[in-house]
Amino acid sequence: MNTYKLFTPIIFLLVVLGCNQIQKVTDVVTNPTAREYYERNFDKGDSSLAHWKKAFTKAQRDSIIVTLPYSESGIFSSGGLQVLSYDVQLQEGENVFVTVDKQPDSVQVFIELFKKQDDSLAPVSLLKSSEPNSKELSYKVERYGVYKITVQPELNRSVPFQLKIYTKPTYAFPVSGAGNKNVQSLWAASRGGGKRSHEGVDIFAPKGTPLLAVTDGRIASAQEKGRGGKQVWLRDGLFGKTIYYAHLDSISVSAGQRVRIGDTVGFVGNTGNAKTTDPHLHFGIYKGASGPVNPYPYIKKTEIPETAPRIDWTYANVLKNGTTLHQGPSAALREIVTLSKNDTVSVLGLHGAWLHVVARDSVKGFVQRAHFAALPSN
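Described in the following lines is the structure provided in the data block. (Residues numbered from 1 in each chain as written. Predicted model: local features only at pLDDT ≥ 70, side-chain atom pairs only at ≥ 80, totals over all residues. Heavy atoms only, no water.)

Comments concerning the overall build of the protein chain
The line we're drawing: Where helices and strands are cited, they refer to DSSP runs of H or I of at least four residues and of E of at least two residues respectively, numbered from the N terminus. Contact between two residues is taken to exist if any of their heavy atoms lie within 4.5 Å; hydrogens are not considered. What sets the accessible areas is the Shrake-Rupley method with a 1.4 Å probe; for residues, cover comes only from the shown protein chains.
Helix and strand content of the protein chain: four helices and 27 strands. Considering only intrachain contacts with a sequence separation of at least 6, the fraction spanning at least 24 residues in the protein chain is 68%. Here the protein chain displays about 19,800 Å² of accessible surface, and carbon together with sulfur accounts for 52% of that area.

Quick look at the structure:
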């Protein structure tokens, strides 16, 4: 009997350790998200968790529209049931970043990125989730379209936050000292009297301006040939994209040479069929069998948004009748609801002169800050 009592807890411990090991092995295969890890802390029948999950599912159907770069400040409240949700338009070649700073930093925030389908009734498709205990998410966009970003805090925490959503280009800018304003002929512009379209962008700069490798890679070709005149082809990895520099005044690399980002590959000119135009670089990107793609999003210089002013209140009153709730922070966007004087809204955040709010019937939208008076917190 004494021997049995001695070994019982040992057997139990081995069983527990075995279950944990099984869970770890399963996690390697299923790769659970930070949200799924978090939900393990609750019993399956926990009503608060059920409401939290329902709020997240509902947010996936929101239709709030914002343009990037975007920033917002606010206070996470209501037990994590108020989920931030935004539709953004992204292009191939962009890298999208979502960061959420909060105090205290130990509060968990769950960031998800979804791809919206062409059919508005179709469910969104999850592309990426933030890592456990992370306050940011990044994603390399491979396809043009409308994407949805959701941000939800853990349950039962009320903390201030600063949200930023912005993009960065995949590649560096190819012309030294130049920028977006130097791009004066865009993708798909008519060429040859309408017989063909422009398979790149033209970046104008003085003759002799250095042209830079936009990424690490190997020079596939460097020669003078055809319409492109003096040209360089840069290969981005063994199975990656091919980057095309045309109309160079002179070439400073040779075929087979490895280059690092920022290395000079040649100099701006107007060779080939550009002899009658001002000096410029024709810049193109090609994707294997699919051919040319719009290179501008790959190199377009972008900015990280400034931090939005902080607010310390979560409710506000409408000051006048006829105040309109918009689909995003712009009067040009669709009007969703018309509010009346003394209506109360729940404030999610502040973006510039616009409040991000939840109005009656749980409708989310944006209203002009000047039309509201803050209500003091309890």
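Here the narrative resumes.
A closer look at the side chain of Ser129
One can find Ser129 in strand 5 (residues 125-129). Setting aside anything within four residues of it in sequence, one finds Ser129 in contact with Thr33, Ile111, Glu112 and Leu137.

What to know about the pattern of salt bridges
Spelled out, the test is: Throughout this description, the term salt bridge denotes a Lys or Arg side-chain nitrogen within 4 Å of a carboxyl oxygen of Asp or Glu. Working definition: with a 1.4 Å probe on protein chains only, accessible area under 20% of the residue-type maximum means buried, over 50% means exposed, and in between means partly exposed.
Per the stated rule, a full pass over the model turns up 10 salt bridges. With its nearest N and O atoms 3.4 Å apart, the salt bridge here joins Arg260 to Asp216. A residue pair is termed long-range when its members are at least 10 positions apart, and Arg260 in the loop between strand 17 (258-259) and strand 18 (264-268) and Asp216 in the loop between strand 13 (210-212) and strand 14 (217-224) qualify at 44 residues. On the basis of relative accessibility, which here comes to 56%, the residue Arg260 falls in the exposed class. Several salt bridges share partner residues, and in doing so they unite Asp87, Lys116 and Lys148 into one network.

Description of the environment of Lys168
Along the polypeptide, Lys168 turns up in strand 8 (residues 159-169). With relative accessibility at 36%, the residue Lys168 sits in the partly exposed group. Excluding anything up to four places from it in sequence, Lys168 contacts Gly93, Glu94, Asn95, Phe97, Thr302 and Ile304.

What to know about the packing of aromatic side chains
Our working rule: Each Phe, Tyr or Trp ring (for Trp, its six-membered ring) is paired with any other whose centre lies within 6.5 Å, and the angle between the two planes then decides the class: stacked below 30 degrees, edge-to-face above 60, tilted in between. Remark: a charge is flagged as sitting over a ring if the NZ atom of Lys or the CZ atom of Arg is within 6 Å of the ring centre and within 35 degrees of the ring normal.
Scanning all chains against the criterion turns up 13 aromatic pairs. For the pair Tyr244 and Tyr286, a centre-to-centre distance of 6.4 Å together with 75 degrees between the ring planes defines the contact as edge-to-face. Placement of the pair is Tyr244 in strand 16 (residues 242-251) and Tyr286 in strand 19 (residues 280-287), with a sequence separation of 42 residues. Of the two residues, Tyr244 and Tyr286, both sit in the buried class. Through pairs of rings, three or more aromatic residues link up here, namely Tyr38, Phe42, Trp52 and Phe110. Lys115 extends its terminal NZ or CZ atom over the ring of Tyr147, reaching a point 5.3 Å from the ring centre. Taking the ring centre of Phe97 as reference, the NZ or CZ of Lys168 above it sits at 5.2 Å.

A look at the side chain of Gln231
Selection criterion: Here a polar contact is taken to be a pair of N or O atoms separated by no more than 3.5 Å, where protein atoms must pair a possible hydrogen donor with a possible acceptor and residues adjacent in sequence count only if both atoms sit in side chains.
Structurally, the position occupied by Gln231 is in strand 15 (residues 230-235). Looking at Gln231, the relative accessible area reads 5%, which means it is buried. Within polar-contact distance, the side chain of Gln231 engages the backbone oxygen of Gly229 at 3.1 Å. Gln231 has contacts with Ser221, Ala222, Gln223, Lys225, Tyr244, Tyr245, Ala246, Leu248 and Ile251, leaving out every residue within four places of it along the chain.

Looking at helix 3 (residues 47-59)
Put simply, the rule reads: Any helix carries an expected span of 1.5 Å times its number of residues minus one. Within this analysis, the arc is defined by the directions that extend from the helix axis to the C-beta atoms.
The end-to-end C-alpha separation of helix 3 is 19 Å, in line with the 18 Å expected for 13 residues at 1.5 Å each. Burial in helix 3 covers these residues: Leu49, Trp52, Ala55, Phe56 and Ala59. Buried positions in helix 3, seen along its axis, are confined to an arc of 120 degrees and lie on one side of it. Contacts made by the buried residues of helix 3 are with helix 2 (34-39), strand 2 (84-90), strand 4 (109-115), strand 7 (145-153) and strand 26 (364-368).

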